Amino acid sequence: MAVEVCTSELNADVKVVQLSGRLDMATADADSPVVMQALEDSAAGVICDLAGVDFISSAGIRVLIAASQRAQAASKQIALICAQPKVYKIFKIASLDQMFRFFKSESEAVETLWT
Amino acid sequence: MGGEVAVEKRISDLEAVLEISKVMAVEKNLDALLDLIIEKTVKVMDAERTSLYLVDHEKNELWTRTAEGLDDSVIRVPIGSGIAGRVAATKQLLNIADPYSDPAFDRSWDEKTRFQTRSILCAPLITHEDKVVGVVQVLNKKGRQFIEYDESLLLALASHAAIALDQAELVQHYVEKKQMAAALRFARDIQANVLPAECPSVEGFDIHGHCWPCDETGGDYYDFIKLQDERLGITVGDVTGHGVGPALLMMEGRSLLRALVSLQSDVRETVAGVNELLAEDIQEGMFITLFYAVLDPQARTLSYISAGHEPVFLYRGQTGEVEQIESKVMPVGILAGINFPEPESVLLDRGDVLLLYTDGAIDGRNGQDEMFNRQRLQEALVANAQQSAKEIVTCVYDTIREFCEDEALDDDLTLVVVKAI
C-alpha cells in the first residue's frame, strides 16, 4: 500500500494522507507511523483519503482507530473521505461508522470540521 | 617495535595459545567464553588489563559486556570511532605506545576507573569468512612497551577467539530461538487450554466450535459458559492481529467476561462491563469484536449483543433462508462510556442453524487473489446445514481451505455452530 502525505490546499493546518491498495496486516505496521507522523505534523488534524483503498482488514482499521484516539487526546480531528462503498461497508459492519467522520470530499470535510 | 624474545618464551607462548584454543573451542556459553578470552589474554600477553568488544551489526557499534577492572560497566563505541572502533573498521591491528597523544584515545575511562593507560595493543577478531566479530584490546605491557612479537601473539589469540566467538554466537542464537519456540508453544498450550475442552450438551441443541490459530498463538477465541437454569453463555471474540500481544488481550477479555458473568446474568451489563474494563488499559488502536449470547433451551431463544463482530448467519430450517445478525455497536475496548443497546433475541426452531465466525473465515484468498467472502461462507453453511454441528464446522472449514488452495492461514479462524434439533 502506497501512502502519500501533503498539506491540504484548503486549510494549511490540516494534513491529507492518501492511502491506496489494501490496508491489512501486511501493510499496517508500515502505514501506522506515516499516519501518526502526519497527525503530529498537523496543527488541526488529518484527512485520510480512502479513494484508492479497495480493502481494509481489522488490522488496517486498527491503524485508523489508533490515529483517532491520538487525535482526540491532542484535541485534533480525523476525517475519512472518499471511501468506496465496499470499504465503508466494512466500517459499517463493525459498527465503526459511529466512531469516524466520513465525508464525500476534502472540501466537505474541511468545511464541516475545520471552518 | 622490534625486540628479542627468548626461544623458550616463544615455545611457552605457542603452547599457551594452543591450550587456550582448545579450551575456547569447547566453551559454547557466550558469557563464559568472553570471560575466558579476557582471563587468558591478559595472562599470555603479560598485560595489566584486557577489554573485549563485540560487534553489534544492527547498530554498527562495538559493545562490551565484560571489561576487566570495570565491573559491570558496558561501553558502546560506534564502529570507526575511538581506537577499538578504528580497528573494527579497518580490520588492522593498532599498537599505540603513547595513548594520551593519540586523539582517538578516550581518557574518560581512565579518569572514571583511576587507571593509567600507558600502552595499547588492539586487534580485530576476524573469522575465516573475513567477518569482524569483535575487537580485543590489551593495555599496559608489564615492564616494557608492546613489541612486534606481542602483535603476532595477540593476532594468533584473536584468530582463535574469533572462531570460538562466532560459533558460540551461532549456538546462542540457536538456543535462544529454541527457547523462544518453547515459550510460544507454552503460550499456545495455555491458550488452547482456555478454549472449551468439549462442546456443551444442551437439551434440544447440537453445539460445536473450533479455533484454528494462524500463529503459535492467536487473537481469536470462543467460549461456552454454563449459567443458571440450564442456560448457556456463548461467545466468539476476535482481537485485532494475531500473535502473543493479541493472545494476551484475548485471555484478558475472556477472563473479564467470565468474571462478569459470574456476578450477574444480564447480557448488556456483561458486554458493557467488558468494554469499560478493557478500555481502561488496552493498547492504543487495539479492540475486540465480540458476540455474546445467552441461549435459553427452554424458551428456545437466543439473546445477544454483537459488538462490532462479523454478521452471524442464521439458517432457517423451514425455509432454507439465511438471516444475518448484524452488529449495532462498536467493538469493545475502544471507548469507555458508550451506550450499549438492549440485547436482541431470536427464536430458534428445529433445523435452524446459527453460524458464528471470525473474519479469518471470510478474508482468506485463493491464488487469483479472490476472497472467500461472506457469500461463499453462507453458501457453505446452506450446503451443509442438514448435518450435525460438528460436521458443519468441519465441512465449512474444509470448503474455506479448499478455496484458499490450502495456503497457510493469514489470520486466525474460528467457527461455532449452534443447531436446534
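Residues numbered from 1 in each chain as written. Chains lettered and ligands numbered in written order. Predicted model: local features only at pLDDT ≥ 70, side-chain atom pairs only at ≥ 80, totals over all residues. Heavy atoms only, no water.

Along chain A, the regular secondary structure elements total 4 helices and 5 strands. Of the regular secondary structure in chain A, the N- to C-terminal order runs β-β-α-β-α-β-α-β-α. Looking at chain A as a whole, 52% of its 115 residues are labelled buried. Residue pairs in contact within chain A that sit at least 24 positions apart in sequence constitute 69% of those at least 6 positions apart. For chain A, the exposed area adds up to about 5,200 Å²; of that, 47% sits on carbon and sulfur atoms. (Helix = DSSP H or I, 4+ residues; strand = E, 2+ residues; numbered from the N terminus. Buried < 20%, exposed > 50% of the residue type's maximum accessible area, 1.4 Å probe, protein only. Contact = heavy atoms within 4.5 Å. Areas by Shrake-Rupley, 256 points an atom, 1.4 Å probe, with all protein chains shown as cover.)

With that settled, consider the nonpolar core. Ranked by size, the top nonpolar core spans 85 residues in total, and within it A:Phe91, A:Leu96, B:Leu295, B:Leu302, B:Val332 and B:Phe340 carry the most contacts. Broken down by element, the residue count for this core peaks at 8 residues, all from helix α2 (residues 58-73) of chain A. Formed by 34 residues, the second largest nonpolar core is a distinct cluster that contains B:Ile37, B:Leu54, B:Leu121 and B:Leu154. (Core = buried A, V, L, I, M, F, W, Y, C linked by side-chain atoms within 4.5 Å.)

Tallying each qualifying case throughout the model produces 21 salt bridges over all chains. With a closest N to O distance of 3.4 Å, A:Lys92 and A:Asp97 form a salt bridge. A residue is classified by how much of its surface remains accessible, and A:Lys92, at 47% relative accessible area, is partly exposed. Judged by relative accessible area, which is 18%, A:Asp97 ranks as buried. We note a salt bridge from B:Arg258 to B:Asp223, for which the minimum N-O separation is 2.7 Å. Placement of the pair is B:Arg258 in helix α6 (residues 244-263) and B:Asp223 in strand β8 (residues 220-226), with a sequence separation of 35 residues. What emerges from the salt-bridge pattern is a single network uniting A:Arg22, B:Arg365 and B:Asp369. (Salt bridge = Lys/Arg side-chain N within 4 Å of Asp/Glu carboxyl O.)

Residue and element names in this part refer to chain A. The strand order β1-β2-β3-β4-β5 describes an open sheet built from 5 strands, whose pairing is mixed. Only two strands of the sheet have a single partner each, and these edge strands are β1 (3-7) and β5 (101-103). For this sheet the average axis-to-axis angle between neighbouring strands, irrespective of direction, equals 25°. Where strand β2 (residues 14-23) lies against strand β3 (residues 45-56), 9 bridges are found, and the strand directions are parallel. (Pairing = 2+ DSSP bridges. Axes fitted to C-alpha atoms, helices over the stretch in contact; angles between N-to-C directions.)

Let us look at the pairing of strand β9 (residues 232-239) of chain B. All names here are of chain B. Counting buried residues in β9 gives 8 out of 8 residues, a clear majority hidden from the surface. Because side chains alternate across β9, one face comprises the buried residues Leu 232, Ile 234, Val 236 and Asp 238, and the other comprises Gly 233, Thr 235, Gly 237 and Val 239, equally buried. Across 7 bridges, the pairing between β8 and β9 is antiparallel. Of the residues in β9, the one forming a bridge with Asp 220 is Asp 238. Adjacent in sequence and paired antiparallel, β8 and β9 are bridged by 5 residues, among which Asp 229 carries a positive phi angle near 60°. Where β9 meets strand β10 (residues 288-296), 8 bridges bridge the pair, whose relative direction is antiparallel.

Here we come to helix α3 (residues 82-90) of chain B. Taken together, the buried positions of α3(B) are B:Ile83, B:Ala84, B:Gly85, B:Val87 and B:Ala88. The positive-phi residue at the C-terminal boundary of α3(B) is B:Lys91, with phi of around 60°.

Attention now goes to the sheet that holds strand β7 (residues 205-212) of chain B. Working definition: the strands of a sheet are paired by backbone hydrogen bonds and lie parallel or antiparallel to each other. All names here are of chain B. The 5 strands lie next to each other as β7-β16-β15-β12-β13, forming an open sheet whose pairing is antiparallel. Strands with a single pairing partner mark the edges of an open sheet, and in this sheet they are β7 and β13 (322-325). The sheet shows a mean angle of 15° between the axes of neighbouring strands, taken without regard to direction. Alignment of strand β15 (residues 353-357) against strand β16 (residues 413-420), held across 5 bridges, turns out to be antiparallel. The residue of β16 that forms the bridge with Leu 356 is Val 416. Of the strands in this sheet, β12 (312-315), β13 and β15 touch helix α8 (residues 373-384), which is tilted by about 35° from β12. Packed onto the sheet, helix α9 (residues 389-403) meets β7, β15 and β16 and runs at close to 145° relative to β16.

All names here are of chain B. Under the counting rule described, the total for this entry stands at 9 aromatic pairs over all chains. Centroid distance Trp 212 to Tyr 397: 3.9 Å. Interplanar angle 5°. Geometry classified as stacked. One end of the pair, Trp 212, is in strand β7; the other, Tyr 397, is in helix α9, and 185 residues separate them in sequence. Taken as a pair, Trp 212 and Tyr 397 share a single burial class, namely buried. Ring plane angle 70° and centroid distance 5.6 Å describe the contact between Tyr 222 and Phe 224, whose orientation is recorded as edge-to-face. You'll find Tyr 222 and Phe 224 in the same group, each marked buried. (Phe/Tyr/Trp six-rings, centres within 6.5 Å; stacked < 30°, edge-to-face > 60°.)

Quick look at the interface of chain B and chain A now. At the junction of the two partners, chain B supplies 25 residues and chain A supplies 18 residues. Taking both sides of the interface into account, the surface hidden between chain B and chain A amounts to around 1,800 Å²; carbon and sulfur atoms contribute 55%. When the buried surface of chain B facing chain A is broken down by residue, B:Glu284, B:Met330 and B:Ile334 rank first, second and third, together holding 29% of it. Between the two partners, chain B and chain A, sit 2 salt bridges. Class assignment of the residues belonging to the side of chain B that touches chain A gives a composition of 9 nonpolar, 8 polar and 8 charged. (Buried area = accessible area lost by both parts, 1.4 Å probe. Nonpolar A, V, L, I, M, F, W, Y, C, P; charged D, E, K, R; others polar.)

Here the focus is the state of the cysteines. For the structure shown, the criterion picks out 0 disulfides over all chains. Sulfur of B:Cys214: no disulfide; nearest cysteine sulfur belongs to B:Cys211 and is 9.8 Å away. (Disulfide = S-S within 2.5 Å.)

Residue and element names in this part refer to chain B. For the pair helix α1 (residues 7-26) and helix α2 (residues 30-44), interaxial distance at closest approach is 11 Å and the crossing angle is 175°. Comparing their axes, α2 and α1 come out roughly antiparallel. Listed contacts from α2 to Lys 9, Asp 13, Ala 16, Ile 20, Val 23 and Met 24 of α1 are Leu 33, Leu 36, Ile 37, Lys 40 and Val 44. Taken together, the residues of the contact of α1 with α2 break down into 8 nonpolar, no polar and 3 charged. (Parallel < 35°, antiparallel > 145°, perpendicular 65-115°, else oblique.)

These results come straight from atomic positions and should not be treated as a statement about function.
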